[in-house]
Amino acid sequence: MPDGHRPEHAREAAPPRLLERVSRAIQARRYSPRTEEAYRTWIRRFVRFHQNRHPDDMGAEEVDRFLTHLAVDGGVAAATQAQARAALVFLYRHVLGRPLDELGEDVVRGRLPRTLPEVLTRRETGALLRTLRGDVRLVAAVLYGGGLRLLEGLQLRVKDLDLERRELRIHRPKGARDRVSVIPASLVPQLHDQIERRHALHLRDLAAGGGWAPLPDRYRIKAPRAALEVGWQFLFPATTQITTAPGRQGRAHLHPTAVQRSVKAAVRALGLPKRASCHTLRHSFATHLLEDGYDIRTIQELLGHKSVRTTMMYTHVLNRGGLAVRSPLDTIRFDDDPTTG
């Protein structure tokens, strides 16, 4: 029976099946699990906003109305609205086969951010890292030392580190493009010890009948036993094993919340007057490289930004000004007593 003639009860039951199709389409294009979760959430919200009407019975007009609602009634930021738009564009183009050609002409745009990213000074960064303990300190040092997002750091596998070349490879990050970043020379001994500890833990897991690392989809089918190799183990493992596949036990990575809470607690303990988080370390990495004179294109590559315009925001948080301009006032001496000399 054509979609437009489905009985009402069938239309209400359709979204769960639709979401399965969405997941299959996302996984086929190798988007990240977080993108899949976000897209499914926005599609559910879109359907609920329109009283559970099936998306196949709607189009660009309903999508525009929903996006405007997010901006006007929901007060969402432009980036949040853009994510919702991307989810619905994906739904109609890749799942329903109906690209939305007229989308967005009358949409009220979400609010643009008015604040620059929070950045720590080098002294504050050092104090924060010294306050942290154990694996969390090393995770935070890797985030700052390589300009990584939190999940990029936690999802590092043992094989992703080349200590001799002082390189680490980030696979399938946000934007689905692999990139290479730097391992600070000062972290090489600590990371070497971490790899040794991880290897020893993996041997214990194998002896206990576990040690199966979660694999990306393409390797799960192509080379399933790669999950037992130490190279595929997460560098920063969880404390307990979980079921990674039917009948197989292994370790996920350290949970993001564990790092986030520790960093927040350290910020409070230091009394820093900034709303610093794990992502602040990435912002600080970029800003400090600019201060050291590295060119914007190099920093763009290290951060994995698609557009240099995104990276340019860090020029505005430099203490010395976005264009490294020296004020002419600094060339004039005016603090002497005017009655002398």
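Conventions adopted
Along every chain, residues carry numbers that run from 1 in the direction the sequence is written. Totals for whole chains, interfaces and linings use all residues, but because this is a predicted model, local features are given only for residues with pLDDT of at least 70 and pairs of side-chain atoms are given and counted only at 80 or more. Remark: hydrogens and water are excluded; side-chain values derive from all non-hydrogen atoms of the structure. Secondary structure elements follow DSSP: runs of H or I of four or more residues count as helices, runs of E of two or more count as strands, with numbering from the N terminus. Summary of the burial criterion: residues with accessible area below 20% of their type's maximum are buried, those above 50% are exposed, and those between are partly exposed, where the area comes from a 1.4 Å probe applied to protein chains only. Using a 1.4 Å probe, the Shrake-Rupley method yields the accessible areas, and only the shown protein chains count as cover for residues. Think of it this way: DSSP has to see at least two bridges between two strands before they count as a pair. Between rings of Phe, Tyr and Trp, where Trp is taken as its six-membered ring, a pair exists when centres lie within 6.5 Å; planes separated by under 30 degrees are stacked, by over 60 edge-to-face, and by other angles tilted. Each ring is checked for a lysine NZ or an arginine CZ that lies within 6 Å of its centre and within 35 degrees of its normal; such an atom marks a charge sitting over the ring. For a helix, the expected span equals 1.5 Å multiplied by the number of residues minus one. Think of the arc as the fan of directions from the helix axis to the C-beta atoms. The contact definition used throughout considers only heavy atoms, calling two residues in contact when any of these lie within 4.5 Å. Whenever a carboxyl oxygen of Asp or Glu lies within 4 Å of a side-chain nitrogen of Lys or Arg, that contact is scored as a salt bridge. Any pair of N or O atoms that falls within 3.5 Å is considered a polar contact. Within protein, one atom must be able to donate a hydrogen and the other to accept it, and sequence-neighbouring residues count only if both atoms are side-chain atoms. Note on terminology: a nonpolar core comprises buried Ala, Val, Leu, Ile, Met, Phe, Trp, Tyr and Cys residues joined through side-chain atoms within 4.5 Å.

Engineer: Quick question: what am I supposed to make of the overall build of the protein chain here?
Structural biologist: When helices and strands are counted, the protein chain shows 13 helices and five strands. Across the 341 residues in the protein chain, those meeting the buried criterion constitute 43%. Summed over all atoms, the accessible surface of the protein chain reaches about 19,600 Å², with 51% contributed by carbon and sulfur.

Engineer: Which parts of the structure should I look at to understand the sheet that holds strand β2 (residues 167-170)?
Structural biologist: Consider a sheet: its strands pair through backbone hydrogen bonds, and that pairing is either parallel or antiparallel. Pairing is antiparallel across the open sheet formed by three strands, whose spatial order is β1-β2-β3. Each having just a single partner strand, β1 (161-162) and β3 (179-182) make up the two edges of the open sheet. In this sheet, β3 lies alongside β2 in antiparallel orientation, the contact comprising four bridges. In the strand pairing of β3, leucine 168 is matched with serine 181.

Engineer: What is the right way to read the packing of aromatic side chains from this model?
Structural biologist: Any two aromatic rings considered together are summarised by their centre-to-centre distance and by the angle between their planes. In total, this model carries six aromatic pairs according to the counting rule given. A centroid spacing of 6.5 Å and a plane angle of 85° characterise the contact between tyrosine 31 and tyrosine 39, whose relative ring orientation is edge-to-face. Residue tyrosine 31 is classed as partly exposed on the basis of its relative accessible area, which comes to 30%. When the centroid spacing of 6.4 Å and the interplanar angle of 70° are considered together, the rings of tryptophan 42 and phenylalanine 66 count as edge-to-face. Separated by 24 residues along the polypeptide, tryptophan 42 in helix α2 (residues 33-49) and phenylalanine 66 in helix α3 (residues 60-72) bring together distant segments of the chain. We note that tryptophan 42, like phenylalanine 66, is buried. An aromatic cluster of at least three residues, connected via ring pairs, comprises Trp42, Phe46, Phe49 and Phe66. We note arginine 157 situated over the ring of phenylalanine 234; from NZ or CZ to the ring centre the distance is 4.1 Å. Between lysine 159 and the ring centre of tryptophan 232, over which it is positioned, the NZ or CZ distance is 4.3 Å.

Engineer: Is there a simple way to think about helix α8 (residues 188-207) in this case?
Structural biologist: Because the α-helix completes a turn every 3.6 residues, residues three or four places apart line up on one side. Between its terminal C-alpha atoms α8 stretches 29 Å, which fits the 28 Å expected from 20 residues at 1.5 Å a residue. Every buried residue of α8 is accounted for by Leu191, Gln194, Ile195, Arg198, Leu201, His202 and Asp205. Take α8 and look down its axis: the buried residues cluster within an arc of 130°, on one side only. Exposed and facing more than 90 degrees away from the buried side of α8 are Arg204 and Ala207. Against the buried residues of α8 lie α6 (134-146) and β1. Looking one or two residues past α8, glycine 209 carries a phi angle of roughly 90°, positive in sign.

Engineer: Sorry if this is basic, but what is going on with the pattern of salt bridges here?
Structural biologist: Two side chains carrying opposite charge are able to pair once their charged atoms lie near each other. Inspection of every chain in the model, using the stated rule, returns 11 salt bridges. Here arginine 98 and aspartate 56 are joined by a salt bridge, their closest N and O atoms 3.2 Å apart. Placement of the pair is arginine 98 in the loop between α4 (78-95) and α5 (122-131) and aspartate 56 in the loop between α2 and α3, with a sequence separation of 42 residues. Of the residues examined, arginine 98 reaches a relative accessible area of 30% and is grouped as partly exposed. The residue arginine 122 makes a salt bridge to glutamate 291 at a minimum N-O spacing of 3.2 Å. Of this pair, arginine 122 sits in helix α5 while glutamate 291 sits in helix α11 (residues 278-291), placing them 169 residues apart in sequence. The class of arginine 122 is partly exposed, set by a relative accessible area of 42%.

Engineer: I would appreciate a short explanation of helix α12 (residues 296-303) in the present structure.
Structural biologist: Among the residues making up α12, those that are buried are Ile296, Ile299, Gln300, Leu302 and Leu303. All buried residues of α12 project into a common sector of 165° when viewed along the axis, lining one side. Relative to its buried face, α12 has exposed residues pointing more than 90 degrees away, namely Arg297 and Glu301. At its buried positions, α12 is contacted by α6, β3, α11 and α13 (308-311). Two or three places before arginine 297, at the start of α12, stands the capping residue aspartate 295, its side-chain oxygen 3.1 Å from that residue's backbone nitrogen.

Engineer: Would you mind showing me how to read the environment of threonine 239 here?
Structural biologist: With respect to the helices and strands, threonine 239 occurs in the loop between α9 (217-222) and β4 (242-245). On the basis of relative accessible area, threonine 239 is assigned to the exposed category, the value being 71%. Distance from threonine 239 to histidine 253, taken between C-alpha atoms, is 8.8 Å for residues 14 residues apart in sequence.

Engineer: I tried to follow the nonpolar core on my own but got confused; where do I start?
Structural biologist: One finds Val139, Val142, Leu161, Leu191 and Val259 to be the most contacted residues of the largest nonpolar core, which totals 46 residues. Elements supplying a minimum of two residues to this core: α5, α6, α7 (150-154), β2, α8, α10 (256-270), α11 and α12. Residues contacting leucine 191, with those up to four places away along its chain left out, are Leu138, Val142, Leu161, Leu163, Ile183 and Leu235. Counting 25 residues, the second largest nonpolar core, distinct from the first, contains Leu19, Ala60, Ala87 and Leu100.

As far as function goes, none of this settles anything; it's purely spatial.
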